[in-house]
Amino acid sequence: YNDPEGTINSSNICGGNSLKDITSQELIKKFEGYTACPYWDNDSYSIGYGYHFNDENLVKEFKDAGVDQTVIDKIVKEYVPATNKSLGVKDGTQSCGTTLPSITEEQASKLIPKKLERAKKDAITFAGGESVFKSHPEDMQKVLIDMAYNLGLGGLNKFEKMKKALNNKNYPDVA
């Protein structure tokens, strides 16, 4: 999990409401960062603000975001099935040149809400249900959603010690 500024690990976050002035979408943009071209991200290619190409709704969501059909076709043909990590660019790249498919920051922003919806459901499941999830401070909820956005439920479930600390509401250990 990438927290270059130490924001999540600071002692105030996760136990209070210091993220009250930032939405989950803004938090994702801050920590995920925007990459215009495909880049390798754990087990598949991603683009924009961490939109994974293994998402089953990719074509529809790209169309809804206004991504050009030729870009979608190239991504589906060359990047979705790829396991070759050398096709893409370094995470954070903004200039894709003429050969790589790319999306704009505006299009990338339009891809966030659907994935964010799924991430919230995953965070709720990880926490033990909606009432348990809502019993945690707002900061903790946002951090869990952000982590679910990046890792999915399968990735979150690997954080067994964090889940135990969460169940005990031991937020410093969660961080």
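As the structure is a computational prediction, the values presented were derived from the model and not from experiment.

**Overview of the sheet that holds strand S1 (residues 35-41)**
As summarised here, the arrangement of the three strands in space is S1-S2-S3, forming an open sheet in which the pairing is antiparallel. On the outer flanks of this sheet lie S1 and strand S3 (51-52), each paired with one strand and no other.

**A short note on the pattern of salt bridges**
For the structure shown, the criterion picks out six salt bridges. Linking Lys-134 and Glu-130 is a salt bridge whose minimum nitrogen-to-oxygen distance equals 3.1 Å. With a gap of four residues between them, Lys-134 and Glu-130 both fall in helix H5 (residues 130-135), about one helical turn apart. Accessibility expressed as a relative area gives 44% for Glu-130, which makes it partly exposed. Ionic pairing is found between Lys-142 and Glu-138, a salt bridge with its closest N-O pair at 3.0 Å. Of the two residues, Lys-142 and Glu-138 are both situated in helix H6 (residues 138-156); the distance of four residues between them amounts to about one turn of the helix.

**Re the layout of surface pockets**
One number sums up the size of the largest pocket: a volume of about 390 Å³. No other element matches the five residues that H6 contributes to the lining of the largest pocket. Classifying every residue of the lining of the largest pocket gives five nonpolar, six polar and seven charged.

**Points about the confidence of the model for the chain**
A low pLDDT means the predicted coordinates there should not be read in detail. Residues of the chain with pLDDT of at least 70 account for 90%, and the chain-wide mean is 85. Mean pLDDT across the secondary structure elements of the chain bottoms out at helix H8 (residues 171-174), with 87, and peaks at H5, with 95. Overall, residues 1-5 carries pLDDT values under 50, and its contacts beyond four positions in sequence, including any with other chains, amount to eleven contacts. Within the model, pLDDT remains below 50 along residues 7-11, and this stretch shows twelve contacts once partners closer than five positions in the same chain are excluded.

**Some words on the nonpolar core**
Ranked by size, the top nonpolar core spans 48 residues in total, and within it Phe-53, Phe-62, Ile-75, Leu-144 and Leu-166 carry the most contacts. Here the element with the most residues in this core is helix H4 (residues 105-127); it accounts for nine residues. In contact with Leu-144, other than residues within four places in its own chain, are Ala-123, Phe-126, Ala-127, Phe-133, Leu-156, Met-162 and Leu-166.

**Remarks on unusual backbone geometry**
Here Lys-169, not a glycine, exhibits a phi torsion of approximately 55°, which is positive. With respect to the helices and strands, Lys-169 occurs in the loop between helix H7 (160-167) and H8.

**Brief notes about the packing of aromatic side chains**
Considering all chains together, one arrives at six aromatic pairs under this definition. Considering the side-chain rings of Phe-53 and Tyr-79, the 6.3 Å spacing of their centres and the 80° angle between planes classify their relative orientation as edge-to-face. Of this pair, Phe-53 sits in the loop between S3 and helix H2 (58-64) while Tyr-79 sits in helix H3 (residues 69-79), placing them 26 residues apart in sequence. For the pair Phe-53 and Tyr-79, one class covers both residues: buried. Grouping aromatic residues by their ring pairs yields a cluster made of Trp-40, Tyr-45, Tyr-51, Phe-53, Phe-62 and Tyr-79.

**A closer look at the environment of Ala-119**
Tracing the chain through its elements places Ala-119 in helix H4. Note: C-alpha distance between Ala-119 and Leu-151 (32 residues apart in sequence) is 8.8 Å. Residues contacting Ala-119, with those up to four places away along its chain left out, are Ile-145, Ala-148 and Tyr-149.

**Quick word on the state of the cysteines**
Working definition: the covalent bond between the sulfur atoms of two cysteines is a disulfide. Under the counting rule described, the total for this entry stands at one disulfide. Here Cys-37 engages in a disulfide with Cys-96; their sulfurs sit 1.8 Å apart. Judged by the sign of its S-S torsion, about -100°, the cystine formed by Cys-37 and Cys-96 is left-handed. Taken as a pair, Cys-37 in strand S1 and Cys-96 in the loop between H3 and H4 lie far apart in primary sequence, 59 residues in all.

Each value, and the rule that gives it
- Residues numbered from 1 in each chain as written.
- Predicted model: local features only at pLDDT ≥ 70, side-chain atom pairs only at ≥ 80, totals over all residues.
- Heavy atoms only, no water.
- Pairing = 2+ DSSP bridges.
- Helix = DSSP H or I, 4+ residues; strand = E, 2+ residues; numbered from the N terminus.
- Salt bridge = Lys/Arg side-chain N within 4 Å of Asp/Glu carboxyl O.
- Buried < 20%, exposed > 50% of the residue type's maximum accessible area, 1.4 Å probe, protein only.
- 1 Å grid on protein atoms, 1.4 Å probe; cavity = no way out; pocket = protein on both sides within 12 Å on 5 of 7 lines; lining within 4 Å.
- Points joined across faces, edges and corners; volume = space filled by probe spheres on them.
- Nonpolar A, V, L, I, M, F, W, Y, C, P; charged D, E, K, R; others polar.
- pLDDT = per-residue confidence, 0-100.
- Contact = heavy atoms within 4.5 Å.
- Core = buried A, V, L, I, M, F, W, Y, C linked by side-chain atoms within 4.5 Å.
- Phe/Tyr/Trp six-rings, centres within 6.5 Å; stacked < 30°, edge-to-face > 60°.
- Disulfide = S-S within 2.5 Å.

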